[in-house]
Amino acid sequence: GMNATVNAAELPDSELLEKIAGGDREAFKILYGRYVRQVFSFIFKLTGDSKLTEEVTNDVFFDVWKGAGRFQGRSAVSTWIFGIAHNKTMNELRKKTPDPVDPEEFVRVANPDAGAEEIVEKKDRSERMKKALNELSPDHRTVLELTFFEGMSYQEIAAVMDCPVNTVKTRMFYAKEKLKEAFTKYGISQEDFAL
């Protein structure tokens, strides 16, 4: 007859989280696998420090493991996870002056499947891109990052950043303005980014 056991890998995030709340390690591994790369890349683009990013990523998933029972279901599970990541990253950024990012590493993390020639070609652009991004405040970088790299809506970003949607819109407006200024300064063409 039909196999009654559901393959956990096919469960939606919210059901995995319920299992995690009950101490299910298998469910945790699956959720971790779904989000670890996105979370790592998100944190790295804000900190530019791969060692710190690894630590914060581990902290985030430790919190997911410990706090699964506290998830209210008011947002998507992914939004909740990014909210934890955002919080922890901002705390770290407040503690330290960020080191300038190594552009090669930035490109590698942002695009892990690129070949060597492609990386050299992109290095110059990413170097200037990074300088431009470094001129933005962490809040402005976060909004751009979640919009362009994670494809989140303003509603979702508001949930991640724990602020009103209007604040997100305002931050987005200023972030784009600042980025355009920085692009002009570092000679980056607007076409590279659909602003």
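Residues numbered from 1 in each chain as written. Predicted model: local features only at pLDDT ≥ 70, side-chain atom pairs only at ≥ 80, totals over all residues. Heavy atoms only, no water.

A.B. asks: Any details on the overall build of the protein chain? Residues and values, ideally.
C.D. replies: When its secondary structure is counted, the protein chain shows 9 helices and 0 strands. In the protein chain, the succession of α and β elements from N to C terminus is α-α-α-α-α-α-α-α-α. Scored against the burial criterion, the 195 residues of the protein chain give a buried share of 42%. Surface exposure of the protein chain reaches about 11000 Å², of which carbon and sulfur atoms provide 48%. (Helix = DSSP H or I, 4+ residues; strand = E, 2+ residues; numbered from the N terminus. Buried < 20%, exposed > 50% of the residue type's maximum accessible area, 1.4 Å probe, protein only. Areas by Shrake-Rupley, 256 points an atom, 1.4 Å probe, with all protein chains shown as cover.)

A.B. asks: Any details on the packing of helix H7 (residues 138-149) against helix H8 (residues 154-161)? Residues and values, ideally.
C.D. replies: Closest axis-to-axis distance for the H7/H8 pair is 10 Å, and the angle between their directions is 135 degrees. Here H7 is positioned oblique relative to H8, judged by the angle of their axes. As for the relative orientation of H7 and H8, their crossing is right-handed in sense. Across from Asp 139, Thr 142, Val 143, Leu 146 and Thr 147 in H7, the residues of H8 making contact are Ile 157, Val 160 and Met 161. A breakdown of the residues in the contact of H7 with H8 according to their chemical character gives 5 nonpolar, 2 polar and 1 charged. (Axes fitted to C-alpha atoms, helices over the stretch in contact; angles between N-to-C directions. Parallel < 35°, antiparallel > 145°, perpendicular 65-115°, else oblique. Left-handed = near helix turned anticlockwise from the far one by under 90°. Contact = heavy atoms within 4.5 Å. Nonpolar A, V, L, I, M, F, W, Y, C, P; charged D, E, K, R; others polar.)

A.B. asks: Describe the side chain of Glu 92, listing the residues and the values that go with them.
C.D. replies: If you trace the backbone, Glu 92 turns up in helix H4 (residues 77-95). With residues up to four places along the chain from it excluded, the contact list for Glu 92 reads Leu 52 and Val 56.

A.B. asks: Break down the nonpolar core for me, citing the residues and quoting the values.
C.D. replies: One finds Leu 17, Leu 31, Val 39, Val 60, Val 64 and Ile 81 to be the most contacted residues of the largest nonpolar core, which totals 50 residues. Only helix H1 (13-21), helix H2 (25-47), helix H3 (50-67), H4, helix H6 (116-134), H7, H8 and helix H9 (165-186) provide two or more residues apiece to this core. Here this core gets 10 residues from one element, more than from any other, and that element is H2. In this structure Leu 17 touches Leu 31, Val 64, Ala 68, Phe 71, Val 77 and Trp 80, once residues within four positions along its chain are discounted. (Core = buried A, V, L, I, M, F, W, Y, C linked by side-chain atoms within 4.5 Å.)

A.B. asks: Talk me through H2; I want residue IDs and the actual numbers.
C.D. replies: Of all the bends in H2, the greatest, near 45 degrees, is centred on Tyr 35. Where H2 begins, the side chain of Asp 24 points an oxygen toward the backbone nitrogen of Glu 26, at a separation of 2.9 Å. Looking one or two residues beyond H2, the residue adopting positive phi is Gly 48, at roughly 65 degrees. (Bend = angle between axes of the 7 residues up to and from the residue. Polar contact = N/O pair within 3.5 Å; in protein donor to acceptor, adjacent residues only side chain to side chain.)

A.B. asks: I'd like a description of the packing of H4 against H8, backed by residues and values.
C.D. replies: At their nearest, the axes of H4 and H8 sit 7 Å apart, and the two run at 45 degrees to each other. For the element pair H4 / H8, the angle class is oblique. With respect to the hand of their crossing, H4 and H8 are arranged in right-handed fashion. Touching Thr 79, Phe 82, Gly 83 and His 86 of H4 are Glu 156, Ala 159, Val 160 and Met 161, all from H8.

A.B. asks: Can you break down the pattern of salt bridges residue by residue, with the values?
C.D. replies: On inspection of all chains with the given rule, the structure shows 7 salt bridges. Taking the shortest distance from any N to any O, the salt bridge between Lys 51 and Glu 55 comes out at 3.1 Å. With a gap of 4 residues between them, Lys 51 and Glu 55 both fall in helix H3, about one helical turn apart. A salt bridge links Arg 171 to Asp 139, with the shortest nitrogen-to-oxygen separation between them at 3.6 Å. Highlighted residues: Arg 171 in helix H9 and Asp 139 in helix H7, separated in sequence by 32 residues. Owing to a relative accessible area of 27%, Asp 139 belongs among the partly exposed residues under this scheme. (Salt bridge = Lys/Arg side-chain N within 4 Å of Asp/Glu carboxyl O.)

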